[in-house]
Amino acid sequence: MAHLSPHAALQHFPTALALRPDEVVQYRQAGRAARVTHVLLHGIGSGSGSWVRQLQAAEPRNDVRVLAWDAPGYGRSAPLSPIHPHAADYARRLWRWMDAMDQHQPITLVGHSLGALMAAAAAVQQPQRVAELVLLAPARGYGDADEVEREAKLSGRLATLQKLGPQGMANARAAAMLSPDATPEMVDLVRDTMAQIHPAGYTQASRMLSTGRLDADLARVSVPLIVASGSADTITPPAACADVAHRKNLAWVDLGPVGHVCALEAAERVNQLLGL
């Protein structure tokens, strides 16, 4: 399956649903282990399909089981009840999902971009259930910014969504999420995934981003941690990602000259980091 395009490969990993109707979580899974070993959380303009290369790597293996969710408000996953949710709200949904999956053993918890805020909050809530925390191109949130900057970032993001809609935003932003060397098939997957976002779910996620405080959450986390990103990432630049790592006295892992959607563009390197 490794030779398949991202779109073609994704057809082998249909979505499934878990939890009760008011909290339903849509997800994809791969791997044949009895218990869940890895849980993957996508970014703000993305979805579970962005992890297709990790799902591919897990599929033939008997020793791993990988779950990639569609965050609340994405796909068929139920939105959160707060109008302005916080990272902790997404984390609580994550753990209720894990309970519904009868998953209580420690997992490798992976967050990309906005998903890093959710993953860090989850590690704060239930550290005993996190064997390792892996943050890919982490978004730090604007909770530490002054109110003027915070509101400007949020209103600008929502104005773009209102003006362009999901498809227009995807057309305008997809290529910038990757490096200039990314293949057209990669750009197509990023564009198609972004075009499928629900405005209400994206709005909730944008509000969470505006108050997110990744550094504060990580200061409370003592689980093993990896911070990695691409050197060609213009969304969460290398210096910012390296600073996240350095605050925890860790070395930043350079995934090479790839852009923001590093799990797709640097799939082999990311899979090595995750043990897939």
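These numbers were taken from a predicted model, which means no experiment stands behind them.

1. Side note on a negative patch on the surface
On the surface, Asp146, Glu147, Glu149 and Glu151 cluster together into a patch of negative charge. Mapped onto the fold, Glu151 is located in helix H5 (residues 147-173). According to the relative accessible area criterion, Glu151 is partly exposed, its value standing at 42%.

2. Observations regarding helix H4 (residues 114-125)
Between its first and last C-alpha, H4 extends 17 Å over 12 residues, near the 16 Å set by a 1.5 Å rise per residue. Among the 12 residues in H4, 11 count as buried, and that is most of the element. Within the span of H4, buried status applies to Leu114, Gly115, Ala116, Leu117, Met118, Ala119, Ala120, Ala121, Ala122, Ala123 and Val124.

3. Details of the packing of aromatic side chains
Under the counting rule described, the total for this entry stands at two aromatic pairs. Residues Tyr27 and Trp97 carry aromatic rings whose centres are separated by 5.6 Å and whose planes lie at 50 degrees to one another, so their mutual orientation is tilted. Separated by 70 residues along the polypeptide, Tyr27 in strand E2 (residues 25-30) and Trp97 in helix H3 (residues 87-100) bring together distant segments of the chain. According to the relative accessible area criterion, Tyr27 is buried, its value standing at 7%. For Trp97, a relative accessible area of 0% corresponds to the buried category.

4. Structural notes on the environment of Leu117
With respect to the helices, strands and loops of the structure, Leu117 is situated in helix H4. The spacing of Leu117 and Ser48 is 69 residues in sequence and 16 Å in space, taken between C-alpha atoms. Leu117 has contacts with Ala87, Ala139, Arg140, Gly141, Met208, Leu209, Gly212, Arg213 and Leu214, leaving out every residue within four places of it along the chain.

5. A closer look at the side chain of Thr236
By the element assignment, Thr236 lies in the loop between strand E7 (225-229) and helix H9 (238-246). From its side chain, Thr236 meets the backbone oxygen of Ala137 in a polar contact 3.5 Å long.

6. Considering the sheet that holds strand E8 (residues 253-254)
Taken in spatial order, the eight strands line up as E1-E2-E4-E3-E5-E6-E7-E8 in an open sheet, and their pairing is mixed. With one partner strand each, in any of the chains shown, strand E1 (16-18) and E8 form the two edges of the open sheet. As defined by bridge partners, strand E3 (residues 38-41) adjoins strand E5 (residues 107-112) across four bridges and the pair is classed as parallel. In the sheet register, Val39 faces E5, and the bridge partner there is Leu109. Docked against the sheet, H4 engages E3, strand E4 (66-70), E5 and strand E6 (130-136), running at close to 145 degrees with respect to E5.

7. A few points about the packing of H5 against helix H7 (residues 199-211)
One way to put it is that H5 packs onto H7 with a least axis distance of 10 Å and a crossing angle of 160 degrees. Compared by their axis directions, H5 and H7 come out roughly antiparallel. In the crossing of H5 with H7, the sense of the turn from one axis to the other is right-handed. Seen from H5, the contacting residues are Arg150, Leu154, Arg157, Leu158, Leu161, Pro166 and Met169; seen from H7, they are Pro199, Tyr202, Thr203, Ser206, Arg207, Leu209 and Ser210. The residue inventory of the contact of H5 with H7, partitioned by class, reads eight nonpolar, three polar and three charged.

8. Re the nonpolar core
Of all hydrophobic cores here, the largest spans 66 residues; its most connected members are Val39, Trp69, Trp97, Leu109 and Leu133. Tallying contributions element by element places H4 first for this core, with 10 residues. Setting aside residues no more than four positions away along its own chain, Trp69 makes contact with Val25, Gln26, Tyr27, Leu40, Leu41, His42, Ser48, Tyr90, Arg93, Leu94, Trp97 and Met118. If you look at the next biggest cluster of nonpolar residues, it comprises 25 residues, including Ala58, Ala137, Ile226 and Ala228.

9. Observations concerning the pattern of salt bridges
All told, the structure shown has 13 salt bridges when counted by the stated rule. With a shortest N-O distance of 2.8 Å, Arg61 and Asp63 are connected by a salt bridge. Three or more residues are tied together by salt bridges with common partners; here these are Arg20, Asp22, Glu23, Arg93 and Arg96.

10. A few points about the packing of H4 against H7
Packing of H4 against H7 brings their axes to within 10 Å, and their N-to-C directions diverge by 70 degrees. By the angle between their directions, the pair H4 and H7 is classed as roughly perpendicular. As for the relative orientation of H4 and H7, their crossing is left-handed in sense. Residues Leu114, Leu117 and Met118 of H4 form the contact with H7, whose participating residues are Ala205, Met208 and Leu209. Tallied by class, the residues present in the contact of H4 with H7 amount to six nonpolar, no polar and no charged.

The rules behind the values
Residues numbered from 1 in each chain as written. Predicted model: local features only at pLDDT ≥ 70, side-chain atom pairs only at ≥ 80, totals over all residues. Heavy atoms only, no water. Patch = residues over 30% accessible without salt bridge, like charges linked within 9 Å, V, L, I, M, F, W, Y side chains within 5 Å. Areas by Shrake-Rupley, 256 points an atom, 1.4 Å probe, with all protein chains shown as cover. Salt bridge = Lys/Arg side-chain N within 4 Å of Asp/Glu carboxyl O. Lys, Arg positive; Asp, Glu negative; His and termini not counted. Charge placed at Lys NZ, Arg CZ, Asp CG, Glu CD. Helix = DSSP H or I, 4+ residues; strand = E, 2+ residues; numbered from the N terminus. Buried < 20%, exposed > 50% of the residue type's maximum accessible area, 1.4 Å probe, protein only. Expected span 1.5 Å × (residues − 1). Phe/Tyr/Trp six-rings, centres within 6.5 Å; stacked < 30°, edge-to-face > 60°. Contact = heavy atoms within 4.5 Å. Polar contact = N/O pair within 3.5 Å; in protein donor to acceptor, adjacent residues only side chain to side chain. Pairing = 2+ DSSP bridges. Axes fitted to C-alpha atoms, helices over the stretch in contact; angles between N-to-C directions. Parallel < 35°, antiparallel > 145°, perpendicular 65-115°, else oblique. Left-handed = near helix turned anticlockwise from the far one by under 90°. Nonpolar A, V, L, I, M, F, W, Y, C, P; charged D, E, K, R; others polar. Core = buried A, V, L, I, M, F, W, Y, C linked by side-chain atoms within 4.5 Å.

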